[in-house]
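Given next are the chains, with one letter for each unit.
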Amino acid sequence: MAEQSIKFKGTSFTLSVIHIESNAAMANLHTFIADKVAQAPAFFKSAPVVVNVANLKGDIDFKMIQQVITDNGMNLVGIEGCQTAEQKLSVRESGISVISNTAKNTATKLVPSADIKPEIQTVIVEKSITKTIVHKGQIRSGQQIYAQDASLTVLGNISAGAEVIADGSIHIYGALRGRAIAGAKGDESAQIFCNKLDPELLSINGTYILSDAVQSQFINTQAQINCINNKLEITKFD
Amino acid sequence: MAEIIVVTSGKGGVGKTTTSAAIATGLALRGKRTVVIDFDIGLRNLDLIMGCERRVVYDFVNVINGEANLSQALIKDKRVANLYILPASQTRDKDALTKEGVGKVLDQLAENHDYIVCDSPAGIEAGAMMALYFADIAVITTNPEVSSVRDSDRIIGMLQSRSRRAELGLEPIKEHLLITRYVPERVERGDMLSVESITEILAVPLAGVIPESGAVLKASNCGQPVILDTESDAGQAYADTVARILGEEREFRFVNVEKKGFLSRIFGG
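These numbers were taken from a predicted model, which means no experiment stands behind them.

> Hey, could you go over the confidence of the model for chain A for me, with residue numbers and the actual values?
Predicted coordinates in regions of low pLDDT should not be interpreted in detail. Taken over all residues, the pLDDT of chain A has a mean of 84, while the share at 70 or more is 86%. Scored below 50 in pLDDT, residues 103-114 of chain A makes seven contacts in the model with residues more than four places away or belonging to other chains.

Here it is, written out as C-alpha cells:
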C-alpha cells in the first residue's frame, strides 16, 4: 500500500461562541447578530462560530439558528451546551454537529445507540492561557514557583534543587539548573525557553526527561524545548 | 545602632565559627565595638576558637531566661579591645531560643556596640533560622565543592524569604559571599570549583577567598582567631574580607596559582 497521505489528527482551535441567554432572545436573534456583524464586518466574514444553548429550554429550532448564522455571513461549526438527549438528537437531525466542551462536566452522558451514526468529535478549547507571571531574581535551591493557569517568565537563574512549574510555557532569562515543568495541567503546546540549559528535569504536558537524556551539544546553550507527539525535542536558538 | 551580621552556610564544617571569630576580631581591630554570639546551642565551639572556654560562667540561654544579665554573661576578649563574646549553652538545645528572647538580647547589645556577629549553627532548622532572622548583613560561607554551594544557595533563599527584613518588606539583607578552604592548584587541575563558577551559581557579591591553610587549624587549636596571625595567608585574606565588608576595595589575593621562582624551585619553598 502506498504511503498514507491523509491523516486524522486532533487539534485545538479558539473559536467565537455565541451564547443565547434565554428562549425570549430567540425572537430577535437575527437583528442582534446583524448589529454585531455591522460593527466589525471584516472580523465576522466567514467566521466559524459555535452557538451555546445551555440556557435555552424545551424545543429549539436549530435549523433557524443555522439559517440566521448563514444569513449573517458566518459558518456554524456546531452547537454547544445541549441539556437533553432530545436536543442533541434534534441538532443532529438538523445536520449540525454537537460539540461538548471538555472543560465542563456535562450532566447528561452520551448513550451510544444503534441509530446514531458515530461521528468525529472536534474538541474545541474556548479558553487559552494568556496570563503571565513574572518573577524577578534567582530561584534558589529548595524554592518552588507555580504559575497557575498562566505562563511563567523568570528574570534570573533557576538553581539546582529549585523547581519552576507553569500551566502554560516557561521562559527563563538565565540559566536553568533545576527542574522546569510546563503545561502542568496538560498542554502539549506549552514550551520551555532558557538562556543556558543545564537542567535536572524537563517536563511538558507530563512527558519528562532527566538531565542525562539532554544531548551534550545542548548543554549550556540557549535552548527551546517542545513537546511533539509525547516526545521532548530540544533545539538551539541564536 | 548596631549592625547585625550573620555568618551562615547551610552545610556544616565549612568554617562558620572560624569565620565568625576572625571577622569579629577583625572588626574590633578596626576599632568597632563588636560582640560575637554563639547560636549553636548544645554544640558550643566559639569559646574554644576564641580561647575563652575557661571563662564561661553564664551563657546566652541564661540571659534569655533572665537567670543572668548581659554584663555577667559577656566575656571580654583579653587580646583585642572592644571585643566581647556571648557563649552558647552546652547543656540546652536549640528550642531554648525564642524570637522574643533573642530580639530582646540583640536590642540590648545594639545600644553599645557597632557590630553584632551571629555564628549560626549548620542546617536550616530553628537554630539557624533564629541566627539569621534579625540580620542586616549576611556572610555566606562556602567551600569550593558542589554540596556546600547547593546548601549555601538554599540558605540564601531563606535569607531572602524568612528573615525579619523579608517579613517586614524592608530593604533586603546585604549578602557577602566568602569562599573558604580554596586551593588554586586543585582548581587549575579541575578537581575543585573555581571562584568564577561559584559566584556564577550563587550570584552573590564576593567578599573574600580564604585559602586552605595550616594556619587555620593551628589557630583553632590554640584558641587564637586566625586573623591575629598576620603572617599567614588565611589571616591576611580575612583582614581583606573585613575591609570589604566595611566597604573598602581590596584586590583578591591567593586565588591564582603562584608561579614558583627560580630559588624556591631549587629549595622547594
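Structure's up, so let's keep going.
> Tell me about the interface of chain A and chain B, and name the residues and values.
Contact with chain A, which involves 11 residues of that partner, is made by 11 residues of chain B. When the two sides are added together, the surface that chain A and chain B hide from each other amounts to roughly 900 Å², 32% of it contributed by carbon and sulfur. Of all residues in chain A, the largest losses of buried area upon contact with chain B belong to A:Arg140, A:Ser141 and A:Arg177, amounting jointly to 55% of the total for that side. At the boundary of chain A and chain B, one finds four salt bridges. In this structure, the salt-bridge partner of A:Glu200 is B:Arg150, at a minimum N-O distance of 3.4 Å. The interface formed by chain A and chain B includes eight residue pairs in polar contact (both at pLDDT 80 or more).

> Requested: an account of the nonpolar core, with residues and values cited.
All names here are of chain B. The biggest cluster of nonpolar side chains holds 51 residues, and the ones touching the most others in it are Phe39, Phe60, Leu86, Val102, Leu109 and Ile116. Contact partners of Leu109, with chain neighbours within four places excluded, come to Val35, Ile37, Leu70, Leu74, Leu86 and Ile116. Counting 34 residues, the second-largest nonpolar core is a separate cluster that includes Ile5, Leu27, Val226 and Ala237.

> Can you lay out the pattern of salt bridges for me, pointing to particular residues and giving the numbers?
All names here are of chain B. For the structure on display, the rule yields 20 salt bridges over all chains. Among the salt bridges present, the one from Asp136 reaches Arg165, with a minimum N-O distance of 2.9 Å. Here Asp136 is found in the loop between α6 (126-133) and β6 (137-142), whereas its partner Arg165 is found in helix α8 (residues 164-168), with 29 residues between them in sequence. Accessibility assignment for this pair places Asp136 and Arg165 in one class, buried.

> Which residues make up the sheet that holds strand β5 (residues 115-119) of chain B, and what are the values?
All names here are of chain B. If you trace the eight strands from one edge of the open sheet to the other, you get β3-β4-β2-β5-β1-β6-β7-β8, paired in mixed fashion. Edge positions in the open sheet fall to β3 (75-76) and β8 (206-211), since each of these has one partner strand only. Pairing of β3 with strand β4 (residues 83-86), which is carried by two bridges, proceeds in the antiparallel orientation. Among the inter-strand pairings, Lys76 is bridged to a residue of β4, identified as Tyr84. Against the sheet, helix α1 (residues 16-29) makes contact with β1 (3-8), β2 (34-38), β4, β5, β6 and β7 (174-182), and its axis sits at roughly 170° relative to β5, the strand it touches most.

Quick notes on the rules
Residues numbered from 1 in each chain as written. Chains lettered and ligands numbered in written order. Predicted model: local features only at pLDDT ≥ 70, side-chain atom pairs only at ≥ 80, totals over all residues. Heavy atoms only, no water. pLDDT = per-residue confidence, 0-100. Contact = heavy atoms within 4.5 Å. Buried area = accessible area lost by both parts, 1.4 Å probe. Salt bridge = Lys/Arg side-chain N within 4 Å of Asp/Glu carboxyl O. Polar contact = N/O pair within 3.5 Å; in protein donor to acceptor, adjacent residues only side chain to side chain. Core = buried A, V, L, I, M, F, W, Y, C linked by side-chain atoms within 4.5 Å. Buried < 20%, exposed > 50% of the residue type's maximum accessible area, 1.4 Å probe, protein only. Helix = DSSP H or I, 4+ residues; strand = E, 2+ residues; numbered from the N terminus. Pairing = 2+ DSSP bridges. Axes fitted to C-alpha atoms, helices over the stretch in contact; angles between N-to-C directions.

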